[in-house]
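Structural description and commentary
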Amino acid sequence: SRSPGSVHNLDIAVAEIRHNIQPDPHVQGIGKPAFITPVLRMKQGDQVSLVGQKSGKVDAEIDSLTIFHEIDVDGQPRCFGNIYSLTPPKPWYVNTKLVKAGDSGSWILRQTNSMVGWDGILFAGDGAHAYACFAEDAFDDVTKNVSQSITLFP
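Starting from 1, residues in each chain are numbered consecutively following that chain's sequence as written. Local features in a predicted model are, by the rule used here, given only for residues with pLDDT of at least 70; side-chain atom pairs are given and counted only at 80 or more, and totals for whole chains, interfaces and linings are based on all residues. Side-chain descriptors were evaluated using all non-hydrogen atoms of the structure, hydrogens and water having been removed beforehand.

**Considerations on the layout of surface pockets**
Only protein atoms enter the 1 Å grid used here. Points where a 1.4 Å probe fits but cannot escape make up a cavity, open sets with protein on both sides within 12 Å along at least five of seven lines make up a pocket, and a residue lines them when an atom lies within 4 Å of a point. Grid points are joined across faces, edges and corners, and a volume is the space filled by probe spheres set on the points. One number sums up the size of the second largest pocket: a volume of about 240 Å³. Lys100, Ala101, Ser104, Ala124 and Gly125 are, among the 16 residues lining the second largest pocket, the residues nearest its centre. Elements that contribute at least two residues to the lining of the second largest pocket include exactly strand E4 (67–73) and strand E7 (115–126). Considering each element in turn, the lining of the second largest pocket owes the most residues, five residues, to E7. Three categories are distinguished: nonpolar for Ala, Val, Leu, Ile, Met, Phe, Trp, Tyr, Cys and Pro, charged for Asp, Glu, Lys and Arg, and polar for the others, with Gly belonging to the last. Considering only residue class, the lining of the second largest pocket consists of seven nonpolar, four polar and five charged. Secondary structure elements follow DSSP: runs of H or I of four or more residues count as helices, runs of E of two or more count as strands, with numbering from the N terminus.

**Regarding the packing of aromatic side chains**
Stacked, edge-to-face and tilted are the three classes for Phe, Tyr and Trp ring pairs, Trp counted by its six-membered ring, which pair at centre distances within 6.5 Å; planes under 30 degrees apart are stacked, over 60 edge-to-face, the rest tilted. Per the stated rule, a full pass over the model turns up three aromatic pairs. Between Phe80 and Phe123 the ring centres are 4.6 Å apart and the planes differ by 40 degrees, which places this aromatic pair in the tilted class. Of this pair, Phe80 sits in strand E5 (residues 76–87) while Phe123 sits in strand E7, and the two are 43 residues apart along the sequence. Here Phe80 falls in the partly exposed class, since its relative accessible area comes to 25%. Note on classification: 1.4 Å probe, protein chains only; a residue is buried when its accessible area is under 20% of the maximum for its type, exposed when over 50%, partly exposed between these limits.

**Considering the pattern of salt bridges**
The salt bridge criterion pairs a side-chain nitrogen of Lys or Arg with a carboxyl oxygen of Asp or Glu, the two atoms within 4 Å. Tallied over the entire structure, the rule returns five salt bridges. Across the pair Lys43 and Asp46 runs a salt bridge, and its minimum N-O distance is 2.9 Å. Classification of Lys43 as exposed rests on a relative accessible area of 53%. On the basis of relative accessibility, which here comes to 7%, the residue Asp46 falls in the buried class. Across the pair Arg110 and Asp119 runs a salt bridge, and its minimum N-O distance is 2.8 Å. With respect to class, Arg110 is no different from Asp119; both count as buried. Because the salt bridges share partners, they merge into one network encompassing Lys43, Asp46, Arg110 and Asp119.

**Some words on helix H1 (residues 135–145)**
When H1 is considered as a whole, its buried residues turn out to be Ala135, Ala138, Phe139 and Val142. Here the buried residues of H1 occupy an arc of 95 degrees about the axis, which is enough to place them on one side. For H1, the exposed residues set more than 90 degrees away from the buried face come down to Lys144 and Asn145. Of the surrounding elements, those touching the buried residues of H1 are strand E1 (33–36), E7 and strand E8 (129–134). Think of it as the arc spanned by the lines of direction from the helix axis to the C-beta atoms. Contact definition: two residues touch when any of their heavy atoms are within 4.5 Å.

**So, the pairing of strand E3 (residues 56–62)**
The pairing criterion for strands is at least two bridges between them, as found by DSSP. The pairing of strand E2 (residues 47–52) with E3 spans six bridges and is classified as antiparallel. Its bridge partner being in E3, Ser49 is matched across the sheet by Asp59. Counted along the chain from E2 to the antiparallel partner E3, the turn is three residues long. Strand direction decides the pairing type here: E3 and E5, joined by two bridges, are antiparallel. Among the inter-strand pairings, Glu61 is bridged to a residue of E5, identified as Thr87.

None of the figures reported here should be taken as evidence of function without further support.
Have a look at this one:
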């Protein structure tokens, strides 16, 4: 909503992984994440990628960090805070959609010294811009609200 009190609430879905199902941590075309990228180590122009359900592999770069931005969701304006934006890698000449409807929930990943880092979770797109919440915030929120110990990268 547009009320200032609600912009700091993270709203994500968490799936239950049953004991008889083995998760595959390898992200097709990118690799297996090994660490959460701290927000303080992220900067404009950092090269990142995601694999969307509809778009497939998308290369992007970080545009703006730690922003408050109003995004239309189902025709209604919603204010999101403490997020970051992505654009196509520079130089880009045509304003085409960076991501498609159905890509939400994709992990934003980076390659650093032959390791893969998790930067965040895609939640919206608006033409040549896409928006994500920080992985650090998402993981912190989950660990605060789940009674079990969580290991993200076994």
